[in-house]
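Below are the chains, spelled out letter by letter.
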Amino acid sequence: MNLNNTSITQRLIISSLISLLMVSFAVLIVIRSLFYIESTLKTETSRHVSELIVNSEISRRVFALTSRVKLLEQTFLYSETLLSEEAFNIDFQLQRLRDLSANQEFSQKIDAFIDNFHRFLGSSLALNRILKQSKAIDAKLAKQLNLLEFAVAASKLEHLSEDKVVIYNNELDIIAMLRESFLTVGKMLGDIHSRITPETEKVLLIEAEKELDILQLHLENLDISTPEVKAQKIKIRRTLNQYHATMRKIRANLDQRWGVMDALVQAQAGLLQLVESTEDRVQEQTLQLTSQLEDVITESRFNAIIISLLAFLFSVLLINHVVSRHIQKPLDDLKDGFDRLVSSGTKRPINLGRTDEWGHIESAYNNMAARLSEAYQAITEEKKNFDFLAHHDPLTHLANRLLATKELTNQITHSKQNGTKFLLLYLDIDEFKTINDSLGHAAGDNLLVNVAEKLTRLIGTSGFVARMGGDEFMILMPETNLEQGKFVAQRINKAIKKPYYIDKSTVFVSASIGICEFPDHGCDGETLIRNADTAMYYAKRNGRDSYRIYTDEMTTEVNDIIETSRGLHHAIRRNELTVFFQPKVNLTSGSILGAEALVRWQHPKLGLLPPSAFLEVAEKTDLVVDIDKWVFGKVARLISEWKSEGVDTSNILISVNFSARMFYMTDLAEQLQTILDKTDCAPSQLILEITERDMMQDFETCVRTIETLHAKGYKIAIDDFGTGYSSLSVLKNLSADYIKLDRSFIKDVNSSSSDYEITKAILKLAKVLDLSVVAEGVETQPHVDTLRQLECTLAQGYYFARPLPVDDWVDYLGKAPDKVAQSEGIRLKKVK
């Protein structure tokens with residue numbers, strides 16, 4: 001074709017065709033780049049997301065398995081079968097975790113963790129078996145001590161027939177010291193179950209070995225040369241050698257275990273470090289991908305501009321229009337999206353408004369951003385959860401003992417730097433164990449959650465609340481004086497002392513609070529907590545539902561309480577307890593209706609002790625249940641003896657007092673029947689007494705228990721009536737037989753109009769509800785006259801007789817007149 005003859009139109013057409021070819025070439029280059037970007041995004045996104053998902057799953061399983069290993073370490077001594085089964089499950093999960101990733105470094109670290117776990121399992125099984133051997137040796141030594149005591153007793157009996165023999169009790173004292181050392185060693189070995197620190201374990205083992213040496217020394221001091229005694233001493237020496245050998249095995253095993261646990265913790269740290277390094281690597285690769293894509297986009301843009309400059313003006317304008325509208329803007333939006341994702345990790349979708357390749361790129365980017373953001377958020381949330389669980393109680397969500405100790409240390413440091421004071425309040429729920437025993441642990445947990453919520457609302461931002469374990473809470477009050485602390489404690493007592501509705505049951509609780517002030521009551525955290533705990537127990541001992549500020553005298557008193565508790569253990573075992581009987585009298589006829597059984601302690605050194613000297617201590621432990629059972633069994637046996645001796649007990653009812661812990665036992669009726677089956681006593685001859693305060697702790701359970709006991713034939717009395725929380729609506733639904741009017745109303749019934757009217761009202765109420773009333777604390781003739789005037793027919797008190805020993809009670813029962821009717825009132829024979 002001759003170009004000179006080409007018309008303008010043809011030129012324009014040719015030029016346009018050339019321009020279109022050039023533009024088409026540029027467009028092909030750009031499309032190729034876009035396809036490369038899309039394929040790269042899809043490939044790399046899938047790979048990164050896959051790595052993050054696997055990494056997240058590994059992180060979750062590592063934390064879960066290490067938590068199970070720690071729990072296994074805390075409970076390994078309780079059941080070898082459970083230990084083996086749980087260890088097998090953990091090992092199986094570890095093997096599955098190993099298969100999650102093909103990373104060689106991860107495989108090495110998980111192999112190291114599995115190896116240390118197997119070492120830990122082996123040491124746990126070995127220690128468990130050693131402890132079983134120590135129990136067998138312990139039982140063998142106990143049997144040998146019994147045989148030694150029999151041999152010593154036989155030796156003393158042989159010498160009784162000799163003339164001018166002098167009897168000493170030194171041998172029996174040595175036997176007692178041998179038993180005390182033996183029990184101390186057993187208790188120390190038992191404390192190894194607590195698994196506190198290696199230093200504590202070493203101290204326990206050293207103390208146990210010292211106690212064994214003391215036991216051997218006492219054995220050598222036993223100077224009896226009979227063949228039986230010598231033979232038993234030889235056997236005991238051999239057993240002591242076995243005991244020493246076993247303790248050396250325990251020491252070696254415990255040293256090994258702590259080394260294994262350190263290795264296990266290091267292996268866990270290595271696994272977690274690998275997880276974090278994987279996250280950093282994926283993030284770095286994401287940055288590199290962004291940079292690579294930016295380079296490709298820049299190159300594509302440059303080629304399009306160069307080719308467009310060679311085209312006609314309209315082509316340049318066209319290409320510029322296409323690039324600016326259809327390429328530049330989507331690329332900028334995509335770049336901004338990458339920048340936001342890299343800088344903040346937040347998910348913010350882009351909208352290019354296209355349905356072509358850019359639509360695919362938009363979809364791929366948004367999917368990648370969403371999955372990456374979700375993966376990052378999941379990892380972040382898991383880290384937050386792990387940190388929260390490490391420092392908070394999972395039940396109440398309050399700070400746990402670890403965080404509370406750190407907070408207390410920080411508060412001490414702050415107060416020392418600024419010269420300020422602060423208060424530490426230690427709180428315990430009264431009779432929480434009784435609620436757990438009667439309603440179950442789920443109800444107890446519900447109660448703890450309610451108490452925690454009340455404390456959190458009450459303290460607010462003015463202090464720090466933590467659950468220290470069980471039913472104990474600690475409260476820190478910065479820059480607070482004792483006067484302000486008293487007000488806070490009063491508010492806490494008032495807030496907690498309200499009914500709680502748990503599992504269709506109404507529960508009444510209260511709290512005992514101990515208060516310490518820094519630095520007057522301690523300069524370190526351990527001392528402050530210990531002294532606040534001492535003050536809290538002092539409040540418990542003095543009636544509960546109160547608070548006490550720590551004093552040095554409390555520590556001395558707590559030591560006395562510990563000594564009393566130890567003595568009660570021996571008193572129950574040695575049958576040092578005894579029962580006294582205080583008569584109950586019919587004010588109208590003068591006849592004796594029965595008596596209340598009252599426990600006493602015939603202390604070997606202090607003489608006869610009243611209940612006030614030891615029952616409060618017993619109520620803090622399970623000793624009160626043992627005492628209740630002992631008194632019940634003693635009364636049942638005495639009634640059987642009186643029947644066999646011909647004493648008429650057909651119209652006599654004996655009252656036995658029960659503590660709340662005893663009364664709320666789920667199998668109470670079965671336990672009582674087991675005791676009665678060994679005697680000739682019938683349930684219809686017994687009245688079971690529970691105080692009004694204890695009754696209101698769990699009224700619904702109390703009603704069910706009373707119905708069960710009634711079905712067995714027992715009668716029920718509410719003791720100390722008028723001093724608790726009961727109301728008319730409660731009383732009318734309680735199927736009791738007697739209410740015992742508290743002595744505080746009788747004391748001033750002749751001189752106080754309010755006491756007189758209260759007594760009169762209670763008697764009328766009891767008559768309407770068909771309840772019998774027993775007036776306690778009747779001490780004078782005016783008391784008797786007033787009660788007769790108010791138509792009260794039953795009474796007990798010093799006016800008739802003080803609590804009597806068994807023989808005096810039987811004598812009193814035989815001599816007391818059936819009826820004494822005088823115009824001026826009843827005058828029964830007084831027994832002093």
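Provided above is the structure to which this section pertains.
Some remarks on the overall build of the protein
1) Next: When you go through the protein residue by residue, the secondary structure sums to 25 helices and 16 strands.
2) Next: Considering the protein as a whole, with its 832 residues, one finds that 47% of them fall into the buried category.
3) Next: Nonlocal contacts in the protein, meaning residues at least 24 apart in sequence, comprise 72% of its contacts between residues at least 6 apart.

Quick look at the sheet that holds strand S7 (residues 546-549)
1) Next: Strand order across the open sheet formed by five strands is S2-S3-S1-S6-S7, with mixed pairing between neighbours. Bordering the open sheet on either side are strand S2 (464-469) and S7, each of which pairs with just one other strand. On average, each strand axis in the sheet is inclined to that of its neighbour by 20°, with strand direction left out of account.
2) Next: Looking at chain direction, S2 and strand S3 (residues 472-478) are connected through five bridges and run antiparallel. Each bridged residue has a counterpart across the sheet, and for valine 465 the counterpart in S3 is isoleucine 475.
3) Next: Contacts between helix H11 (residues 441-459) and the sheet are confined to strand S1 (422-429), S2 and S3, with S3 contributing the most and set at about 5° to the helix.

Examining the packing of aromatic side chains
1) Next: Going through the model one piece at a time under the given rule, you end up with eight aromatic pairs.
2) Next: Taking the centre distance of 5.0 Å and the plane angle of 15° together, the rings of phenylalanine 422 and phenylalanine 518 count as stacked. Residue phenylalanine 422 is found in strand S1, and its partner phenylalanine 518 is found in strand S6 (residues 511-518); the two are separated by 96 residues along the sequence. Across this residue pair, the class does not change: phenylalanine 422 and phenylalanine 518 are buried.
3) Next: Relative to phenylalanine 800, the ring of tyrosine 799 has its centre 5.2 Å away and its plane inclined at 85°; by these criteria the two rings are edge-to-face.

Side note on the pattern of salt bridges
1) Next: Tallied over the full model, the rule gives ten salt bridges.
2) Next: Across the pair lysine 486 and glutamate 483 runs a salt bridge, and its minimum N-O distance is 3.4 Å. Here lysine 486 pairs with glutamate 483, and both are found in helix H12 (residues 482-496), just three residues apart, close to one helical turn.
3) Next: Where salt bridges share partners, they join Lys584, Glu596, Glu689, Lys740 and Glu776 into one cluster.

Re the environment of lysine 504
1) Next: Looking at the element boundaries, lysine 504 is found in the loop between strand S4 (499-502) and strand S5 (505-508).
2) Next: Taking the C-alpha atoms as reference points, lysine 504 and glutamate 700, 196 residues apart in sequence, are found 8.2 Å from one another.

Describing the pairing of strand S15 (residues 772-775)
1) Next: Relative to S15, strand S14 (residues 738-741) is paired through four bridges, and the arrangement is parallel. Across the sheet, the residue bridging to leucine 741 is alanine 775, located in S15.
2) Next: Bridge analysis of S15 against strand S16 (residues 794-795) gives two bridges, and the strand direction is parallel. Looking across to S16, one finds that valine 774 is bridged to leucine 794.

Some points on the packing of helix H18 (residues 668-676) against helix H20 (residues 699-712)
1) Next: Look at H18 against H20: their axes get within 10 Å of each other, and the N-to-C directions meet at 30°. By the criterion of interaxial angle, the relationship of H18 to H20 is roughly parallel. As H18 packs across H20, the resulting crossing turns out to be right-handed. Every residue of H20 that contacts H18 at Leu668, Ala669 and Leu672 is listed here: Thr705, Thr708, Leu709 and Lys712.
2) Next: A class-by-class count of the residues in the contact of H18 with H20 yields four nonpolar, two polar and one charged.

As for the nonpolar core
Taken as a class, soluble globular proteins show a tendency for nonpolar side chains to be buried jointly.
1) Next: Among the nonpolar cores identified, the biggest contains 79 residues, and Phe581, Ile654 and Trp809 are the most heavily contacted of them.
2) Next: In terms of residue count, the dominant contributor to this core is helix H16 (residues 623-644) (twelve residues).
3) Next: With sequence-adjacent residues up to four places away left out, isoleucine 654 is seen in contact with Phe581, Ala595, Ala597, Val635, Ile639, Gln685, Leu686, Ile687 and Trp809.

A short note on unusual backbone geometry
1) Next: Here the bond from phenylalanine 518 into proline 519 is cis, since omega is 5°, no more than 30 degrees from zero.
2) Next: Within the secondary structure, proline 519 is located in the loop between S6 and helix H13 (525-541).
3) Next: Despite not being glycine, histidine 397 shows a phi value in the positive range, around 65°.
4) Next: Position of histidine 397 relative to the elements: it lies in the loop between helix H8 (357-391) and helix H9 (401-418).
5) Next: Even without a glycine there, the phi angle at glutamate 479 is positive, about 50°.
6) Next: Looking at the element boundaries, glutamate 479 is found in the loop between S3 and H12.

With respect to helix H10 (residues 432-439)
1) Next: Considered for burial, the residues of H10 that qualify are Phe432, Thr434, Ile435, Asn436 and Ser438.
2) Next: Buried-residue contacts for H10 involve S1, H11, S5, helix H17 (660-663) and H20.
3) Next: Trailing H10 by a residue or two, glycine 440 shows a phi angle of about 100°, which is positive.

What counts and how
Residues numbered from 1 in each chain as written. Predicted model: local features only at pLDDT ≥ 70, side-chain atom pairs only at ≥ 80, totals over all residues. Heavy atoms only, no water. Helix = DSSP H or I, 4+ residues; strand = E, 2+ residues; numbered from the N terminus. Buried < 20%, exposed > 50% of the residue type's maximum accessible area, 1.4 Å probe, protein only. Contact = heavy atoms within 4.5 Å. Pairing = 2+ DSSP bridges. Axes fitted to C-alpha atoms, helices over the stretch in contact; angles between N-to-C directions. Phe/Tyr/Trp six-rings, centres within 6.5 Å; stacked < 30°, edge-to-face > 60°. Salt bridge = Lys/Arg side-chain N within 4 Å of Asp/Glu carboxyl O. Parallel < 35°, antiparallel > 145°, perpendicular 65-115°, else oblique. Left-handed = near helix turned anticlockwise from the far one by under 90°. Nonpolar A, V, L, I, M, F, W, Y, C, P; charged D, E, K, R; others polar. Core = buried A, V, L, I, M, F, W, Y, C linked by side-chain atoms within 4.5 Å.

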